[in-house]
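# Coordinates in review
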Amino acid sequence: MMANLYVWFETAEQRRAFVMHMLSIADIVPRNGSKTAAREAEKQRQELQECLGCLDAGATHSPYYRLYRNYYMNQVPATIDRRRLQPWHPLAVYEKGFRQIYTQRRYCHRPGHWLVLDFRRSKAGWAMRCWVESSVPVEDLGTNVPLPEGVRARWYLEYADRVLEKSALAREALDELLAGLINVKAAYPDLFSGSSVYAWERLAFQFFGRGDLKTAAFCLRQQAELQPKSSEAYLNLGSFYMAEGRIGEAVNAFTAGLRIEPDDEFLAHNLAAAYAELGSIRQAARSANDAVLANPERGLNHKLKADLHCKQGQWHAGLAHYRYAAERIDDEGWSAIKAECYDGIAAIQRHFGAVREAERAEKLAERCRTTDATE
């Protein structure tokens, strides 16, 4: 058995024309001027178009798929009259030297309108293969067809994704990844769809971990550009600025995110915290209210409100929100935050002179810290 021959065509029309020539299918014309001859010719045209349409539909639809199973050892059904066979009939194609013929849309990552030819190991099969190889440019056969740059770009994104799974990368490796992602984005921005866009986020965290806030911010802005309906990049960007004490820039980042998703509680929460750092308590309270409205059951938002109330001396409101927060903050992973809620309760109760209630809250805070230390 000879290896399959894969022939690339730019269009389905070019492929069909080649098949017609290869199978010696001439233009169908009436044998004379009679109506009967015209009807016969039209019927043959319909049969041919149906046959070629099935071939275009893909491997298993092809009338020539696995011909060798139908005519093995030249076992031809008695119902077939060889003298009346049309050149596109499966038996006629088999006798020309083909084991099977079918089409596909991709071969070895190369998109196109591919024609797959499997030749019989016979004199007719060898002759047909030689004819095809002499009729088709070498660069249109199999892996001689150039690999599209878009495929290389997609492979690079897959490579970048694997590399960025590592906990820490050398600066040189990070710079190379950055240059590569910039090139892919410039040429094929549509490849950054779904999870692939988060390569920018992971790269940003890598740069931030090395103390390069400027490049980390650049990466997150690339992500934001590719996700115009998502605020995720701005949430991380603002958090980076907060961590570096650049509060004004954090406010701008969180605000930009809220313009995209006004109901995002995390952005509202972080914006409130940023305003509080700046001493803009009124604006902080407004953002904290927005966070609570977005998710009234989230304890962390109520803790933020309690903190703001206490900064303004609003002790009763602060106490209520600390209690509400402590009830809703989960112990698992959040014990330290829950302990801060109980610390706030204890401080307010001492302010009110309620020593016993303050001591009870302090014990609960200590219990939370003990839980956090053992996790």
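Above: the structure in question.
## Concerning the nonpolar core
Leu 181, Phe 192 and Leu 203 are the most contacted members of the largest nonpolar core, which has 47 residues in total. The contacts of Leu 181, once residues within four sequence positions are left out, are Tyr 156, Leu 157, Ala 160, Phe 192, Ala 199, Trp 200 and Leu 203. If you look at the next biggest cluster of nonpolar residues, it comprises 31 residues, including Leu 23, Ala 41, Cys 51 and Trp 88.

## Thoughts on the pairing of strand 3 (residues 110-119)
Within strand 3, nine of the 10 residues are buried, which leaves it mostly tucked inside the rest of the structure. As judged from the three bridges shared by strand 1 (residues 5-7) and strand 3, these two strands associate in the antiparallel manner. Along strand 3, the bridge assignment pairs Val 7 with Leu 115. Remark: two residues form the turn of the hairpin made by strand 2 (residues 98-107) and strand 3, two consecutive strands paired antiparallel; Cys 108 in that turn has positive phi of roughly 50 degrees.

## As for the packing of helix 7 (residues 171-187) against helix 8 (residues 198-209)
At their nearest, the axes of helix 7 and helix 8 sit 11 Å apart, and the two run at 150 degrees to each other. By the angle between their directions, the pair helix 7 and helix 8 is classed as roughly antiparallel. Judged by the twist between their axes, the crossing of helix 7 over helix 8 is left-handed. Contacts from Arg 171, Leu 174, Asp 175, Leu 177, Leu 178, Leu 181, Ile 182 and Lys 185 of helix 7 reach helix 8 at Ala 199, Trp 200, Leu 203, Gln 206 and Phe 207. For the contact of helix 7 with helix 8, the class distribution of residues is nine nonpolar, one polar and three charged.

## A closer look at the environment of Glu 139
As for its placement among the helices and strands, Glu 139 is situated in the loop between helix 5 (123-135) and helix 6 (149-163). For Glu 139, a relative accessible area of 47% corresponds to the partly exposed category. For the pair Glu 139 and Trp 8, spaced 131 residues apart in sequence, the C-alpha to C-alpha distance is 8.8 Å.

## Structural notes on the pattern of salt bridges
In total, this model carries 18 salt bridges according to the counting rule given. Salt-bridge contacts for Arg 45 lead to Glu 42; the nearest nitrogen and oxygen are separated by 3.1 Å. Separated by three residues within a single helix, Arg 45 and Glu 42 lie in helix 2 (residues 35-56), roughly one turn from each other. According to the relative accessible area criterion, Arg 45 is partly exposed, its value standing at 31%. The partly exposed category is assigned to Glu 42, whose relative accessible area is 37%. Measuring nitrogen to oxygen at the nearest pair gives 2.9 Å for the salt bridge that ties Asp 212 to Arg 171. Separated by 41 residues along the polypeptide, Asp 212 in the loop between helix 8 and helix 9 (213-226) and Arg 171 in helix 7 bring together distant segments of the chain. When its relative accessible area of 14% is taken as the criterion, Asp 212 is described as buried. Arg 171 gets classed as partly exposed once you look at its relative accessible area, which sits at 33%. Taken together, the shared-partner salt bridges in this structure form one network comprising Arg 15, Arg 16 and Asp 56.

Criteria and thresholds
- Per-chain numbering applies: the sequence of each chain, read as written, is numbered from 1 onward.
- The predicted origin of the model limits local features to residues at a pLDDT of at least 70 and limits the giving and counting of side-chain atom pairs to 80 or more, whereas totals for whole chains, interfaces and linings rest on all residues.
- The side-chain values count all of the structure's non-hydrogen atoms but skip hydrogen atoms and water molecules.
- What is meant by a nonpolar core is a set of buried Ala, Val, Leu, Ile, Met, Phe, Trp, Tyr and Cys residues, joined one to another through side-chain atoms within 4.5 Å.
- With a 1.4 Å probe rolled over the protein chains alone, any residue whose accessible area is under 20% of its type maximum counts as buried; one over 50% counts as exposed, and the rest are partly exposed.
- Two residues qualify as a contact provided that any one of their heavy atoms is within 4.5 Å of a heavy atom in the partner residue.
- Helix numbers and strand numbers start at the N terminus; a helix is a DSSP run of H or I with at least 4 residues, a strand a run of E with at least 2.
- One bridge is not enough; two strands pair if DSSP finds at least two bridges between them.
- Note on definitions: angles span 0 to 180 degrees between N-to-C directions of axes, and those axes are lines fitted to C-alpha atoms, for helices only across the stretch in contact.
- An angle below 35 degrees is treated as roughly parallel, one above 145 as roughly antiparallel, one from 65 to 115 as roughly perpendicular, and anything else as oblique.
- Crossing handedness follows the turn of the near helix against the far one: under a right angle anticlockwise gives a left-handed crossing, and clockwise gives a right-handed one.
- The nonpolar class holds Ala, Val, Leu, Ile, Met, Phe, Trp, Tyr, Cys and Pro. Asp, Glu, Lys and Arg form the charged class, and all remaining residues, Gly among them, are polar.
- A carboxyl oxygen of Asp or Glu within 4 Å of a side-chain nitrogen of Lys or Arg is what we treat as a salt bridge.

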